[in-house]
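Here are the chains, one letter per residue:
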Amino acid sequence: MASSAPASSQPGLSVGPTSEFSLFFHVKPGLAPSLRTALLALQNTPGYRPGDYGIAIQTIHEARFVLFDDDTRLAFITSFDGPWDAYMEDFFNSGPTLALFDVIFDHVDGYDGLQDLAAVKGFVLGAEQAAAAYARNYGGTVKEIKKAQRVNAAFQQVLDHPAAAELLEHPAMQPLLDEAGD
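Described in the following lines is the structure provided in the data block. (Residues numbered from 1 in each chain as written. Predicted model: local features only at pLDDT ≥ 70, side-chain atom pairs only at ≥ 80, totals over all residues. Heavy atoms only, no water.)

1. Here we look at the overall build of the protein
Looking only at helices and strands, one finds 7 helices and 6 strands in the protein. Helices and strands appear in the protein in the N-to-C order β-β-β-α-β-β-α-α-α-β-α-α-α. Computed over its C-alpha atoms, the radius of gyration of the protein comes to 21 Å, more than 25% above the 16 Å expected for a compact globule of 182 residues. The C-alpha extent of the protein, read off along each of the three principal axes, is 70 × 35 × 30 Å. Burial status across the protein gives 36% buried among its 182 residues. Within the protein, counting contacts between residues at least 6 apart in sequence, those at least 24 apart form 64% of the total. (Helix = DSSP H or I, 4+ residues; strand = E, 2+ residues; numbered from the N terminus. Rg over C-alpha atoms; globule rule 2.2 N^0.38 Å. Buried < 20%, exposed > 50% of the residue type's maximum accessible area, 1.4 Å probe, protein only. Contact = heavy atoms within 4.5 Å.)

Okay, structure coming up:
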């Protein structure tokens, strides 16, 4: 069940260690085609390409931009692990990512640049709309999920290794083998 974060600490709702927020903007008149180009540039950046799984901010579960209302509005929707202030600091210090987002946000009303951390927080808070509901289909932080994937890959290697047959017969291995069979 989602819980509201205290108003003074962060926007959005939280489920366990993960929080969400949604930002909504008005696109400056006539800039929608240029904005689409900027969004495509972000999508084609290493780490952001489909299947790369290497977003510079390592606590992000997912992030998306959506153009709507005939490309007159832009939404940015994300979920992340940890405190909002830490996420904002990571974003501000993300180097090339910050530059890509700067180009994107330059296409929306009310954007004055991301000169410092206070400007980033002010910009986000000015565009944030609280979610009415937020749910997740899995537990765990990004770090925990990535570790689980590495452990699973290593276990699959053990299962495939011919010399592991004797080890796999041991009763202590049964819970792992039961999970591996799914």
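The discussion continues.
2. Concerning helix H2 (residues 84–92)
Residues Trp84, Tyr87, Met88 and Phe91 constitute the buried set of H2. The buried residues of H2 occupy an angular sector of 100° when projected down its axis, which confines them to one face. Against strand E3 (18–26), strand E4 (60–68), strand E5 (73–81), helix H3 (96–105) and helix H4 (117–127) lie the buried residues of H2. (Arc of directions from axis to C-beta.)

3. Looking at the pairing of E4
Look at any regular strand and the pattern is simple: side chains alternate between the two faces of the sheet. Here E4 runs beside E5; their pairing, made up of 8 bridges, is antiparallel. Within the sheet, the bridge partner assigned to Phe65 lies in E5 and is Phe76. (Pairing = 2+ DSSP bridges.)

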